[in-house]
Amino acid sequence: MSLWPIIKVMFEGLRIRPYRAEDRESLLKIAADTAFFGEAVEKFIEDRRIFLDAFYLYYTDYEPQHSWVAVCNEQVVGFLTGCYDTRLQREYTGKVLEKRALKKVLTGKYRLGKKFLRYLFRYWMSKMIFEKTAVDLTQYPAHFHINVESKWRGQGIGRNLIETYLKHLEKDGICGVHLQTTSFNKVAVGLYEKMGFKLLSSVPSYLWQSLVNEPIYELTYGKILLLR
């Protein structure tokens with residue numbers, strides 16, 4: 001194994017710290033820049049604000065205390081957004097964020113186009129055709145999302161972010177955590193499995209059809225942290 005990534009990290013002052021309010025813009029930019037399998041969200045939707053408003057604002061605005069950032073000289077280069085109680089996140093997202101985003105769609109606040117309409121069609125088709133396997137939230141109540149800037153990948157940032165989050169979950173008495181990814185994210189899948197996450201479900205996805213030239217499966221992984 002090359003020592004260069006370790007030397008580079010030490011030289012450039014990379015560190016993991018809790019998320020701060022002033023990190024919001026940088027975190028959301030990375031989230032949108034990496035939303036399509038490491039590429040920009042504009043691959044499948046014209047206006048990134050739709051994606052961020054409906055999906056990420058819960059973590060930055062409602063439960064920011066459980067998120068972490070990787071910074072180099074105080075510039076955010078990666079992040080992990082965490083949630084301790086998935087039920088609360090789903091409820092808030094459905095009742096508040098998605099309705100707010102839909103209102104903006106209907107009142108012309110977003111820039112809409114063919115990409116968005118195609119994505120919306122595939123989203124609903126995916127829900128209708130393939131039934132998702134429900135996660136047992138009594139065993140895996142917490143979840144997280146993780147993204148790293150492209151030029152900073154392969155240096156252990158993702159592992160460090162996850163390890164930091166897991167330590168705090170255990171300290172706070174959270175019994176288990178889950179995450180959702182796809183079969184196309186092969187590097188990430190390998191990392192999760194090396195860190196002890198177990199595959200809980202694998203279902204075909206219609207969502208990325210025509211955008212990716214291979215069958216895609218939605219994968220759910222889980223890890224038990226504390227035995228009850």
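Residues numbered from 1 in each chain as written. Predicted model: local features only at pLDDT ≥ 70, side-chain atom pairs only at ≥ 80, totals over all residues. Heavy atoms only, no water.

**Focus: the packing of helix α6 (residues 157-171) against helix α7 (residues 186-194)**
Item 1. Where α6 meets α7, the axes come as close as 11 Å, and the angle between the chain directions of the two elements is 40 degrees. Considering the angle they form, α6 stands oblique to α7. When the axes of α6 and α7 are compared, the crossing they make is right-handed. On α7, the residues that touch Gly158, Arg159 and Ile162 of α6 are Leu191, Tyr192 and Lys194.
Item 2. Residue composition of the contact of α6 with α7, grouped by class: three nonpolar, one polar and two charged. (Axes fitted to C-alpha atoms, helices over the stretch in contact; angles between N-to-C directions. Helix = DSSP H or I, 4+ residues; strand = E, 2+ residues; numbered from the N terminus. Parallel < 35°, antiparallel > 145°, perpendicular 65-115°, else oblique. Left-handed = near helix turned anticlockwise from the far one by under 90°. Contact = heavy atoms within 4.5 Å. Nonpolar A, V, L, I, M, F, W, Y, C, P; charged D, E, K, R; others polar.)

**Observations concerning the confidence of the model for the chain**
Item 1. Here the chain averages 91 in pLDDT, and 92% of its residues register 70 or above.
Item 2. Least confident of the elements in the chain is helix α1 (residues 4-12), whose mean pLDDT is 48; most confident is helix α2 (residues 24-33), at 98.
Item 3. Here residues 1-7 scores under 50 on pLDDT; set against residues more than four positions off or in separate chains, the count is two contacts. (pLDDT = per-residue confidence, 0-100.)

**What to know about the pattern of salt bridges**
Item 1. Tallied over the full model, the rule gives 15 salt bridges.
Item 2. Salt-bridge contacts for lysine 95 lead to glutamate 91; the nearest nitrogen and oxygen are separated by 3.1 Å. Of this pair, lysine 95 and glutamate 91 both sit in helix α4 (residues 86-106), four residues apart, which is roughly one turn of the helix.
Item 3. Residue classification places lysine 95 among the exposed positions, given a relative accessible area of 53%.
Item 4. Judged by relative accessible area, which is 40%, glutamate 91 ranks as partly exposed.
Item 5. Residue glutamate 214 pairs with lysine 186 through a salt bridge whose shortest N-O separation is 3.2 Å. Linking glutamate 214 in the loop between β6 (198-205) and β7 (216-224) with lysine 186 in helix α7, this pair joins segments that are 28 residues apart in sequence.
Item 6. Residue class for glutamate 214 comes out partly exposed when judged on its relative accessible area of 31%.
Item 7. Here the salt bridges share partners, and the residues they tie into one network are Arg15, Arg17, Arg20, Asp23 and Glu74. (Salt bridge = Lys/Arg side-chain N within 4 Å of Asp/Glu carboxyl O. Buried < 20%, exposed > 50% of the residue type's maximum accessible area, 1.4 Å probe, protein only.)

**A short note on the nonpolar core**
Item 1. Within the largest apolar cluster, 33 residues are counted, with the highest numbers of intra-cluster contacts made by Leu27, Phe44, Leu52, Tyr56, Val69, Phe79 and Trp208.
Item 2. Those elements that place two or more of their residues in this core are α2, α3 (48-62), β2 (68-72), β3 (75-83), α4 and α5 (114-129).
Item 3. Excluding anything up to four places from it in sequence, tryptophan 208 contacts Phe36, Phe37, Phe44, Tyr119, Thr182 and Ile216.
Item 4. If you look at the next biggest cluster of nonpolar residues, it comprises 28 residues, including Ile146, Val148, Ile162 and Leu225. (Core = buried A, V, L, I, M, F, W, Y, C linked by side-chain atoms within 4.5 Å.)

**Focus on unusual backbone geometry**
Item 1. Unlike most non-glycine residues, phenylalanine 37 shows phi in positive territory, near 50 degrees.
Item 2. Position of phenylalanine 37 among the secondary structure elements: in the loop between α2 and α3.
Item 3. Even without being a glycine, glutamate 74 presents a positive backbone phi close to 70 degrees.
Item 4. Note on placement: glutamate 74 falls in the loop between β2 and β3.
Item 5. Take glutamate 74: its relative accessible area is 37%, and that puts it in the partly exposed class.

**Section: the packing of aromatic side chains**
Item 1. On inspection of all chains with the given rule, the structure shows 26 aromatic pairs.
Item 2. With centroids separated by 5.8 Å and ring planes inclined at 85 degrees, the aromatic side chains of tyrosine 56 and phenylalanine 79 adopt a geometry described as edge-to-face. With tyrosine 56 in helix α3 and phenylalanine 79 in strand β3, this residue pair connects regions lying 23 residues apart in the sequence. Each member of the pair, tyrosine 56 together with phenylalanine 79, is buried.
Item 3. The interplanar angle of 75 degrees and the centroid separation of 6.5 Å between the aromatic rings of phenylalanine 144 and tyrosine 192 together place this pair among those described as edge-to-face. (Phe/Tyr/Trp six-rings, centres within 6.5 Å; stacked < 30°, edge-to-face > 60°.)

**Regarding the packing of α3 against α4**
Item 1. For the pair α3 and α4, the least separation of the axes is 8 Å and the interaxial angle reads 125 degrees. On the basis of their axis angle, the class for α3 and α4 is oblique. In terms of crossing hand, the pair formed by α3 and α4 is right-handed. Counting all contacts with α3, which are made through Asp53, Ala54, Leu57, Tyr58, Tyr59 and Tyr62, the residues of α4 involved are Leu88, Gln89, Tyr92, Thr93, Leu97, Ala101 and Lys104.
Item 2. For the contact of α3 with α4, the residue count by class is nine nonpolar, two polar and two charged.

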